[in-house]
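# Structural features, examined
Listed here are the chains, written in short residue letters.
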Amino acid sequence: MDVRSVFWRDQKVMLIDQRLLPGQFVVSAFDTVEAVAGAIRDMVVRGAPAIGATGAYGMALAAFHSQATDREALLDDLRRAKALLDAARPTAVNLSWATSRMLAMAERAPVASVEALRRALLAEANAIADEDVEINRRLGFHGAALIKDGANLLHHCNTGALATVGFGTALGVIYACAEQGKRIHVWVDETRPRLQGARLTAWELMRAEIPMHLIADNAAGHLMRTGQVDAVIFGADRVAANGDVANKIGTYKLAVVARENGIPVYAAVPTSTIDLNLASGDEIPIEERSADEVTHIDGVAIAPAGVPVYNPAFDVTPHRYITAIITEEGVCYPPFDLSLRRAKEAAEARRREKSM
Ligand code: MRU
């Protein structure tokens, strides 16, 4: 999938405006950290790894706009920018992971001048973005080994090139299968309320010419019970140390029905999505979004005006429903507390080796 959802050009953060797809393909420029935080909040850009890279570029922007003349003052500005960016969306840990990496780099970088530090921050944001694509390719390769030729896969939300910097996580596994010549077919959950499946995943898979059918979310149980699904695969916004997975609302229901029908359930995540600081999914903050996402579709009301609405954007799937968690460092199996820690350590060791 030849799409880069986030990049830097002429001192601006460039984002594919995902709110306009599939109707229009528009790349918009954001030139202040406030504008970048707003783009994350309003879901111009969405998907955990994509908002992570966007947050990193937001930190670089903050450095270039800072009036600081010494390092300590620049660090203060960066801390303020981090707080603003992190608050934009609370569930995906990739956002604070990326802004923390940017800040840590600024605190430690052996550079002489504030100007050199600004350039180093942009280089770090570019590295985060480039690494994301490379990580997804490795993750896709590991995941493809789990998928048999001829498989019917059920996919939730959008986890492709749009949700990352490029290639994708769960969709990356699907692209890797296709590259290997496996004949696969994808059931694409529409993913109410924002329809990331119908609008974005269907767009990506049709461009990639991968056989698929779009389904209403409510069709998934029927397909599983009637033997038409070989595996359920999705991404995640945060994985707790015990393997509990927070992902787009509706994921939990899929995993429970899959278990009932003996179907494997795979979560595909970069190790930056694993949060070893949280013991279980109960500690993951769940974002609530506005009522109009539920009451309106493309501006058209589908419910009575003033109806009370509850709109949690994510749910937590307990780890007992997850067959395996696919990462760029390999496939993690239960007990997840052990396998996830090993994957995180392997990723850290790889990064240290690269920077030497
Ligand atoms: O609200 P969104 O569209 O940002 O939610 C995205 C998801 O839930 C994805 O499944 C998750 O971020 C993984 S993307 C590789």
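### Concerning the pattern of salt bridges
With the rule as written, the count across this model stands at 22 salt bridges. The partner of K82 in a salt bridge is D86, with the nearest N and O atoms 2.7 Å apart. With K82 and D86 both in helix 3 (residues 71-86), this residue pair falls four residues apart, about one helical turn. Exposure remark for K82: the relative accessible area of 15% places this residue in the buried category. A salt bridge links R118 to E115, with the nearest nitrogen and oxygen atoms 3.0 Å apart. Linking R118 with E115, this pair stays in helix 5 (residues 114-144), spanning three residues, or about one helical turn. Salt bridges here are not isolated pairs; linked through shared partners, they connect R89, R194, E287, R289 and E293.

### Things to note about the packing of helix 3 against helix 5
For the pair helix 3 and helix 5, interaxial distance at closest approach is 10 Å and the crossing angle is 35°. Here helix 3 runs over helix 5; the crossing is right-handed. Of the residues in helix 5, those touching helix 3 at R71, L74 and L78 are V114, L117 and L121. Grouping the constituent residues of the contact of helix 3 with helix 5 by class yields five nonpolar, no polar and one charged.

### Things to note about the site of the ligand
Not every one of the 18 residues close to the ligand is listed here, only the nearest: R46, R89, Q196, N247 and K248. Residue G47 places a main-chain N or O atom 3.0 Å away from an oxygen atom belonging to the ligand. Within the contact set of the ligand, an oxygen atom lies 2.8 Å away from a side-chain nitrogen or oxygen of K248. In isolation the ligand offers 410 Å² of accessible surface; the protein chains occlude 99% of this area. Among the secondary structure elements, those contributing two or more residues to the shell around the ligand are helix 2 (48-65) and strand 9 (245-248). Class assignment for the residues of the shell around the ligand results in seven nonpolar, seven polar and four charged. Split by domain, the residues of the shell around the ligand number at least three in each of domain 1 (6-137) and domain 2 (146-355).

### Digging into the pairing of strand 1 (residues 6-9)
The alternating pattern of strand 1 places V6 and W8 on a buried face, while none of F7 and R9, on the opposite face, is buried. Pairing between strand 1 and strand 2 (residues 12-16): four bridges, direction antiparallel. Within strand 2, the position partnered with F7 by the bridge is M14. Taking the residues that link successive antiparallel strands as the turn, the strand 1-strand 2 hairpin has two residues, and the phi of D10 there is positive, at about 50°.

### Looking at the domain arrangement of the chain
In terms of domains, the chain is made up of domain 1 (6-137) and domain 2 (146-355). Taking only C-alpha atoms, the centre of domain 1 and the centre of domain 2 are 24 Å apart. At the interface, 32 residues of domain 1 touch 35 residues of domain 2. When the buried area of domain 1 at its contact with domain 2 is split by residue, R46, T91 and N136 rank highest and sum to 21% of it.

### Remarks on the pairing of strand 9
In this sheet, strand 9 lies alongside strand 8 (residues 238-240) in antiparallel orientation, the contact comprising two bridges. Residue V239 lies in a different strand from strand 9, and its bridge partner there is V245. The hairpin formed by strand 8 and strand 9 contains four residues between the paired strands, and G243 there has a positive phi angle of roughly 95°. Two strands pair when backbone bridges link them, and strand 9 and strand 14 (residues 314-317) are joined in this way by four bridges, in the antiparallel orientation. Considered in strand 14, the bridge of N247 is made with D315.

What counts, and where the lines are drawn
- Residues numbered from 1 in each chain as written.
- Predicted model: local features only at pLDDT ≥ 70, side-chain atom pairs only at ≥ 80, totals over all residues.
- Heavy atoms only, no water.
- Salt bridge = Lys/Arg side-chain N within 4 Å of Asp/Glu carboxyl O.
- Helix = DSSP H or I, 4+ residues; strand = E, 2+ residues; numbered from the N terminus.
- Buried < 20%, exposed > 50% of the residue type's maximum accessible area, 1.4 Å probe, protein only.
- Axes fitted to C-alpha atoms, helices over the stretch in contact; angles between N-to-C directions.
- Left-handed = near helix turned anticlockwise from the far one by under 90°.
- Contact = heavy atoms within 4.5 Å.
- Nonpolar A, V, L, I, M, F, W, Y, C, P; charged D, E, K, R; others polar.
- Near = heavy atom within 4 Å.
- Polar contact = N/O pair within 3.5 Å; in protein donor to acceptor, adjacent residues only side chain to side chain.
- Areas by Shrake-Rupley, 256 points an atom, 1.4 Å probe, with all protein chains shown as cover.
- Domains from an automatic or database assignment.
- Pairing = 2+ DSSP bridges.
- Buried area = accessible area lost by both parts, 1.4 Å probe.

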